[in-house]
Amino acid sequence: MAYSFGAPSIVQDGLVLYYDSANPNSCTSTSAGDKIFDLSDITYITGSNPNNTGSFEGTVTKTAGNLAFDFNELGDNISIPNFMDPLSDDSKFPNGNNNPNITLSCWVNNTNLNSGDNSLMWIGNQTARGVHAMCTNSTRYSFLHYGNGSDAVFTDYTIPAATWQHVVMTYNTTGRVNQLYVDGDLIQTISNKPEDSDINIVFPDLNLIGNYRNSKLGFAACFMIYNRVITASEVNQNYNALKGRFV
């Protein structure tokens, strides 16, 4: 399934969060405390935040050209309270919060490489085995599984500085398989991670997009979360749908 916001269609099946700074239905302002709204068209009846409404922290701004988010100051982020609220219908993931299949996706322009771990998307509580995080690790992309040193660092790719890229990371519970796609192409697969990489996303949770702790990410846009592992053709479809804004 797919749908469109006046642009080529993006994949809808399994989409549980979509923030787009260029769409006025999602984002009209970025002052601290202002709200940002989910475009995934999923409505959850119960839970503390049934409509995935986020709010801006710090001094987030929007760029003029492609209307991306500017996360170039410490503390710039989007906070999503209770995204994994267990009261919500099916906890948003068919297999619940215990080690869910997941896809994280965004467009990013890394302007602060070599400054340690920069988190693009962070889902879950900062306790052992409680986080899925899409990060940069120096000049590498990494899929953080918090606790016991079980990060999946994608060593086959070096991140170019100050360059727009479409970055997708997937995690499949079967075989604990992590995959990295950049600009629609599969870059690396990391399989058979140890059992301590299984994620139990606990509640209350910490759910952030943009800078976490002392990181300064750069520019980013079009944040998507799927409750399944999307296919290579679907990754390519999403890349082609939005690349006109960035490349």
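Everything below is about the structure shown above.
Here is what the cut-offs are and how they apply
Residues numbered from 1 in each chain as written. Predicted model: local features only at pLDDT ≥ 70, side-chain atom pairs only at ≥ 80, totals over all residues. Heavy atoms only, no water. Helix = DSSP H or I, 4+ residues; strand = E, 2+ residues; numbered from the N terminus. Buried < 20%, exposed > 50% of the residue type's maximum accessible area, 1.4 Å probe, protein only. Contact = heavy atoms within 4.5 Å. Areas by Shrake-Rupley, 256 points an atom, 1.4 Å probe, with all protein chains shown as cover. Pairing = 2+ DSSP bridges. Phe/Tyr/Trp six-rings, centres within 6.5 Å; stacked < 30°, edge-to-face > 60°. Arc of directions from axis to C-beta. Core = buried A, V, L, I, M, F, W, Y, C linked by side-chain atoms within 4.5 Å.

Caption draft 1: Spotlight on the overall build of the chain. Helices and strands together make up the secondary structure of the chain, namely 1 helix and 18 strands. The proportion of buried residues among the 247 residues of the chain is 55%. In the chain, the share of contacts with a sequence separation of at least 24, taken over all contacts with a separation of at least 6, comes to 62%. Here the chain has roughly 9500 Å² of accessible surface; of this, 48% comes from carbon and sulfur atoms.

Caption draft 2: Representation of the sheet that holds strand β13 (residues 152-154) in the model. Taken together, 8 strands build an open sheet; the order of strands is β4-β5-β8-β17-β10-β11-β12-β13 and the sheet is antiparallel. Lying at the two open borders of the sheet, with one neighbouring strand each, are β4 (35-36) and β13. As judged from the 3 bridges shared by strand β8 (residues 77-79) and strand β17 (residues 206-210), these two strands associate in the antiparallel manner. Within the sheet, the bridge partner assigned to Asn-77 lies in β17 and is Gly-210.

Caption draft 3: Structural view of the pairing of strand β12 (residues 140-145). In terms of burial, β12 is largely enclosed, as 5 of its 6 residues are buried. Bridging between strand β11 (residues 131-137) and β12 involves 6 bridges; their strand directions are antiparallel. When the sheet's bridge partners are listed, Thr-136 is paired in β12 with Tyr-141. The turn linking β11 back onto β12 is made up of 2 residues, and Ser-138 within it adopts a positive phi angle of 60°. Pairing between β12 and β13: 3 bridges, direction antiparallel. The residue of β13 that forms the bridge with Phe-143 is Ala-152.

Caption draft 4: Expanded view of the environment of Asn-227. The topology assignment puts Asn-227 in the loop between β18 (218-226) and α1 (232-242). Those residues within four positions of Asn-227 in sequence are excluded, and the remaining contacts are Gly-14, Val-16, Lys-92, Phe-93, Pro-94 and Asn-101.

Caption draft 5: Representation of the packing of aromatic side chains within the structure. Per the stated rule, a full pass over the model turns up 8 aromatic pairs. With a centroid separation of 5.7 Å and an interplanar angle of 20°, the aromatic rings of Trp-107 and Tyr-239 are classed as stacked. You can see Trp-107 sitting in strand β9 (residues 102-110) and its partner Tyr-239 sitting in helix α1, a full 132 residues away along the chain. When the ring of Trp-107 is compared with that of Phe-246, the centres are 4.6 Å apart and the planes differ by 15°; the resulting orientation is stacked. Taken together, the residues Trp-107 in strand β9 and Phe-246 in the segment after α1 connect sequence positions 139 residues apart. Neither Trp-107 nor Phe-246 differs from the other in exposure class; each is buried. An aromatic cluster is built from Phe-56, Phe-69, Phe-71 and Phe-223, whose rings are joined through pairwise contacts.

Caption draft 6: Examining α1 more closely. Where α1 is concerned, the buried positions are Glu-234, Val-235, Asn-238, Tyr-239, Ala-241 and Leu-242. Angular distribution of buried residues about the axis of α1 spans 165°; they occupy a single face of the element.

Caption draft 7: Looking closely at unusual backbone geometry. In this structure, Asn-82 is a non-glycine residue whose phi angle is positive, near 60°. One can find Asn-82 in the loop between β8 and β9. Positive phi is not limited to glycine here, since Cys-222 has a value of about 55°. Within the element layout of this structure, Cys-222 appears in strand β18.

Caption draft 8: How the structure looks around the pairing of strand β14 (residues 164-172). When you tally the buried positions in β14, you get 8 out of 9 residues, the bulk of the element. Here β14 pairs with strand β15 (residues 177-182) via 6 bridges, running antiparallel. In the sheet register, Asn-172 faces β15, and the bridge partner there is Val-177. Counting the residues in the hairpin turn of β14 and β15 gives 4 residues, including Gly-175, whose phi is positive at 80°.

Caption draft 9: Just the nonpolar core, in detail. Membership of the largest hydrophobic core comes to 43 residues, with the highest contact counts inside it found for Phe-69, Phe-71, Phe-83, Tyr-141, Ile-209 and Ile-225. When residues of this core are assigned to their parent elements, the largest contribution, 4 residues, is made by β9. Once you skip the residues sitting within four places of it in the chain, Ile-225 turns out to touch Gly-14, Leu-15, Val-16, Leu-17, Phe-83, Phe-93, Ile-102, Thr-103, Leu-104, Met-121 and Ile-123. Listed in part, the 20 residues of the second largest apolar core include Ala-68, Val-168, Cys-222 and Leu-242.

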